[in-house]
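# Summary of the model geometry
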Amino acid sequence: MNFNSVATRPAVLTSWKDIAQYMGKGVRTVQRWEQDFGLPIRRPLGFDKKAILARPADLDAWVALRCTSRSFSPAPAPPDRRPGDGSFPRASLGALSALNAQIQTARMLQATNLELMNGMHSALHRLQHQLKAFEGSR
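Residues numbered from 1 in each chain as written. Predicted model: local features only at pLDDT ≥ 70, side-chain atom pairs only at ≥ 80, totals over all residues. Heavy atoms only, no water.

### Structural notes on the overall build of the protein
For clarity, the cut-off: Where helices and strands are cited, they refer to DSSP runs of H or I of at least four residues and of E of at least two residues respectively, numbered from the N terminus. Summary of the burial criterion: residues with accessible area below 20% of their type's maximum are buried, those above 50% are exposed, and those between are partly exposed, where the area comes from a 1.4 Å probe applied to protein chains only. In this analysis, two residues are considered to be in contact whenever any of their non-hydrogen atoms come within 4.5 Å of each other. Note on areas: Shrake-Rupley with a 1.4 Å probe; residue coverage comes only from the protein chains shown.
A count of helical and extended segments in the protein gives four helices and zero strands. Its helices and strands taken in sequence order, the protein reads α-α-α-α from the N to the C terminus. Relative to its 138 residues, the protein shows a buried fraction of 19%. Long-range contacts, defined as pairs at least 24 residues apart, comprise 43% of the intrachain contacts of the protein with a sequence gap of at least 6. As displayed, the protein offers around 10700 Å² of accessible surface, 58% of which is attributable to carbon and sulfur atoms.

As C-alpha cells, then:
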C-alpha cells in the first residue's frame, strides 16, 4: 500500500506491516514504540491479541506530540535577565511554532477522546437496553 497521499490513506490500518509502512519504519520498531512509548494501537474487544487497529490521525498526533525537533527548543534566557525580575526574553519564532503545533495536537487528541467517549457511552447505553430486555424475557 502507498500511504503518501491523503486521498489514498485508509481510515484504519489493520496490520503491523501497514502501520510500519505508514510510519516509515520496520515492524519491530513500531511494535517496540507501542510497548515502550505508547504508540496508539487498538485491539478490538473479544478478538485474538494479534488483531490490531490504528487510525492514521492518531499516529500523526502521537508523532507530533512525542517527536519535536530539537531546533525548536526555547533558547535559554540571556544572562542579564533573571527569573522573577519582571522582564521576559522574547520567545523565538521556532519555539512559538512548536508550541502552536503542540496545542493543535492537543486539540485533535481532545476531539478524538471525546469521540471515543461518546462511542463508549452509546455502546454502554445499548448494553443497558439489551440487559433490560434480557431480564424482562426471563
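### Quick notes on a nonpolar patch on the surface
How we decide: Surface patches are drawn from residues lacking salt bridges whose relative accessible area is over 30%; two like charges belong together within 9 Å, two nonpolar side chains (Val, Leu, Ile, Met, Phe, Trp, Tyr) within 5 Å. Basic side-chain nitrogens of Lys or Arg form a salt bridge, by our definition, when they fall within 4 Å of a carboxyl oxygen of Asp or Glu.
Residues Leu 96, Leu 99 and Ile 103 make up a contiguous nonpolar surface patch of roughly 250 Å² in combined accessible area. By the element assignment, Leu 96 lies in helix 4 (residues 93–136).

### Things to note about the nonpolar core
As a reminder of what qualifies: Nine residue types can take part in a nonpolar core, namely buried Ala, Val, Leu, Ile, Met, Phe, Trp, Tyr and Cys, and a core is a set of them joined through side-chain atoms within 4.5 Å.
Counting 14 residues, the largest nonpolar core has Ile 19, Met 23, Val 30, Leu 39, Ile 41 and Leu 59 as its most contacted members. The element best represented in this core is helix 1 (residues 16–23), accounting for five residues. Leave out the neighbours within four places in its chain, and Ile 41 touches Trp 16, Ile 19, Glu 34, Ile 52, Leu 53 and Ala 54.

### What to know about the packing of aromatic side chains
To describe a pair of aromatic rings, you give the distance between the ring centres and the angle between the ring planes. For the record, the criterion: Only Phe, Tyr and Trp rings take part, Trp by its six-membered ring, and two of them pair if their centres are within 6.5 Å. Stacked means planes under 30 degrees apart, edge-to-face means over 60, and tilted covers everything else.
Counting across every chain of the model gives one aromatic pair. Look at Trp 33 and Trp 62: their rings are 5.7 Å apart centre to centre, the planes differ by 35°, and that puts the pair in the tilted class. One end of the pair, Trp 33, is in helix 2 (residues 27–37); the other, Trp 62, is in helix 3 (residues 56–66), with 29 residues separating them in the sequence.

### Here we look at the packing of helix 1 against helix 3
The condition that has to hold: Each axis is a line fitted through C-alpha atoms, and for a helix only the stretch in contact is used; angles between axes span 0 to 180 degrees, taken between their N-to-C directions. Just so you know how the angles are binned, under 35 degrees is roughly parallel, over 145 roughly antiparallel, 65 to 115 roughly perpendicular, and the rest oblique. If you view the pair so one helix is near and one far, a crossing is left-handed when the near helix is turned anticlockwise from the far one by less than a right angle, and right-handed when it is turned clockwise. The residue classification treats Ala, Val, Leu, Ile, Met, Phe, Trp, Tyr, Cys and Pro as nonpolar and Asp, Glu, Lys and Arg as charged. All others, Gly included, are polar.
At a closest axis distance of 11 Å, the pairing of helix 1 and helix 3 adopts a crossing angle of 45°. On the basis of their axis angle, the class for helix 1 and helix 3 is oblique. The handedness of the crossing between helix 1 and helix 3 is right-handed. Mapping the contact onto sequence places Ile 19, Tyr 22 and Met 23 in helix 1 and Pro 56, Leu 59, Asp 60, Trp 62 and Val 63 in helix 3. Classifying every residue of the contact of helix 1 with helix 3 gives seven nonpolar, no polar and one charged.

### Observations concerning the pattern of salt bridges
Where charged atoms from two side chains of opposite charge approach closely, those side chains can pair. Under the criterion given, the structure shown has four salt bridges. The partner of Glu 34 in a salt bridge is Arg 43, and the shortest N-O contact between them spans 2.6 Å. A salt bridge links Arg 55 to Asp 58; its shortest N-O distance comes to 3.2 Å. Salt bridges here are not isolated pairs; linked through shared partners, they connect Arg 42, Arg 55, Asp 58 and Glu 115.

### Focus: the side chain of Asp 58
Test applied: In protein, a polar contact means a hydrogen-donor-capable atom and an acceptor-capable atom, both N or O and within 3.5 Å, with residues adjacent in sequence counting only if both atoms are side-chain atoms; elsewhere, any N or O pair within 3.5 Å suffices.
Relative to the elements of secondary structure, Asp 58 occurs in helix 3. Owing to a relative accessible area of 5%, Asp 58 belongs among the buried residues under this scheme. Polar contacts involving the side chain of Asp 58 include one to the side chain of Arg 42, which spans 2.7 Å. With near-sequence residues (within four places) excluded, Asp 58 lies in contact with Pro 40, Arg 42 and Thr 112.

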